[in-house]
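Coordinate inspection notes
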Amino acid sequence: MSGLYGHFPSPIPLLLCISLLICFTEEFPAHGAKVNCAAIGQSTGRVMVTGGDDRKVNVWSIGKPNVIMTLTGHTSAVEAVRLDTAEERVVTGSRSGTLKVWDLEQHKILRTLTGHKANIRCLDIHPYGDFVVSGSSDTFVKVWDVRRKGCIFTYRGHTDCINCLRVSPDGRWVVSCSDDSTARVSQSKLFICCCQGRV
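Cut-offs and rules
- Residues numbered from 1 in each chain as written.
- Predicted model: local features only at pLDDT ≥ 70, side-chain atom pairs only at ≥ 80, totals over all residues.
- Heavy atoms only, no water.
- Helix = DSSP H or I, 4+ residues; strand = E, 2+ residues; numbered from the N terminus.
- Buried < 20%, exposed > 50% of the residue type's maximum accessible area, 1.4 Å probe, protein only.
- Contact = heavy atoms within 4.5 Å.
- Polar contact = N/O pair within 3.5 Å; in protein donor to acceptor, adjacent residues only side chain to side chain.
- Pairing = 2+ DSSP bridges.
- Axes fitted to C-alpha atoms, helices over the stretch in contact; angles between N-to-C directions.
- Core = buried A, V, L, I, M, F, W, Y, C linked by side-chain atoms within 4.5 Å.
- pLDDT = per-residue confidence, 0-100.
- Patch = residues over 30% accessible without salt bridge, like charges linked within 9 Å, V, L, I, M, F, W, Y side chains within 5 Å.
- Areas by Shrake-Rupley, 256 points an atom, 1.4 Å probe, with all protein chains shown as cover.
- Salt bridge = Lys/Arg side-chain N within 4 Å of Asp/Glu carboxyl O.

Describing the overall build of the chain
Helix and strand counts for the chain come out as two helices and 17 strands. A burial count over the chain gives 43% of its 199 residues as buried. For the chain, restricting intrachain contacts to residue pairs at least 6 apart in sequence, the fraction spanning at least 24 positions comes to 36%.

Focus on the side chain of His-116
Here His-116 lies in the loop between strand E10 (108-113) and strand E11 (120-125). Here His-116 falls in the buried class, since its relative accessible area comes to 7%. Separated by 2.7 Å, the side chains of His-116 and Ser-134 make a polar contact. A polar atom in the side chain of His-116 sits 3.0 Å from the side chain of Asp-138. Leave out the neighbours within four places in its chain, and His-116 touches Gly-97, Ser-134, Gly-135, Ser-136, Asp-138, Phe-140, Lys-142 and Trp-144.

A short note on the sheet that holds strand E9 (residues 99-103)
Strand order in the open sheet made by the four strands is E7-E8-E9-E10, with antiparallel pairing throughout. Of all strands in the sheet, those with a lone pairing partner are strand E7 (78-83) and E10, marking the two edges. Averaged over all neighbouring strand pairs, the angle between strand axes comes to 20°, with direction disregarded. Looking at chain direction, strand E8 (residues 89-94) and E9 are connected through five bridges and run antiparallel. Its bridge partner being in E9, Val-90 is matched across the sheet by Trp-102.

What about the side chain of Glu-79?
Within the secondary structure layout, Glu-79 lies in strand E7. At a separation of 2.7 Å, a polar atom in the side chain of Glu-79 contacts the side chain of Asn-119. Once residues within four sequence positions are removed from consideration, Glu-79 is found in contact with Asn-36, Cys-37, Gly-93, Ser-94, Arg-95, Asn-119, Ile-120 and Arg-121.

Some points on the nonpolar core
In this structure, Val-49, Val-57, Val-59, Leu-71, Val-90 and Leu-104 are the most contacted members of the largest nonpolar core, which totals 14 residues. At the level of elements, strand E3 (35-40), strand E4 (47-52), strand E5 (56-61), strand E6 (69-72) and E7 are the ones that each hand at least two residues to this core. It is E7 that contributes the most residues to this core, three residues altogether. In contact with Leu-104, not counting residues within four places along its chain, are Val-59, Met-69, Leu-71, Leu-83, Glu-87, Glu-88 and Val-90.

Some thoughts on the confidence of the model for the chain
For the chain, per-residue confidence averages 85 on the pLDDT scale, and 82% of positions sit at 70 or higher. Within the chain, E8 carries the highest mean pLDDT (97), whereas strand E1 (residues 2-3) carries the lowest (47). When the criterion is pLDDT under 50, residues 1-5 qualifies, and its contacts beyond four places in sequence or with other chains add up to six contacts. Below pLDDT 50 for its whole length, residues 192-196 participates in five contacts with residues either more than four positions away or in separate chains.

Here we look at a nonpolar patch on the surface
A cluster of nonpolar residues, Trp-173, Val-175 and Val-185, forms a patch on the protein surface that exposes about 240 Å² of accessible area. With respect to the helices and strands, the residue Trp-173 is situated in strand E16 (residues 173-178). On the accessibility criterion, Trp-173 (34% relative accessible area) is partly exposed.

Quick notes on the environment of Thr-114
Locating Thr-114 in the fold gives a position in the loop between E10 and E11. What makes Thr-114 exposed here is its relative accessible area of 59%. Setting aside anything within four residues of it in sequence, one finds Thr-114 in contact with Thr-98 and Trp-144.

Listed below in C-alpha cells is the structure:
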C-alpha cells in the first residue's frame, strides 16, 4: 500500500494489533449512586478505589467484579480519592470539605482533616509520605501533615474552583488547575523545608 506518506505494509497486521490492544473491558455497578472518582494503586496495579455520591469508598481488586471492602464515614459525597504508593492507605476528599485518611489493613479511619470551606475536588499524596495536598472549590490548595492532623500551608492565587492538582515525583512542585483558566506551578514548601532540615 503506497500513498502520500510512502509505502506502508498491509493494513491487516495493524488492525490485528489494534484489536489486541482493546481486548478486555469490564463494567460493573460500583456504587448505589453516581461514581465521582477513582484511583489505581501504583505498587501492584491491581487495587482500585472508587468514591461516590452514596458517601462510600469502595476498594476493588481489578479483574474481580465484587467489592472487597467498603469504607464508610463521610457525611457527604466522596469527590476525590488517592492511594499511597504502598497501597496501604487511601486518602479521600468530600463535598463537605473534609479529608479522611484510611488504613486499608485495619479497615478504619486514621485521620479526619478539616479546613476547606467548600468541596474537595482533587488531591495528591506528597512523595515525602505523611503529607497530602488538596484542592477545593474554595480556591485554595492546602498541604496537610497527617501525623500532626492539620494544615501546614495554604497556597493562594486562584480565583475560582480548583479542579486538578499533582505533586511532582521529586516533591519539588505542586501544579494546580482551576476554573479561572489558569494553571499554577508552585514550589513545594515541603521541599524547601526539607532542604533546610525543618521537616
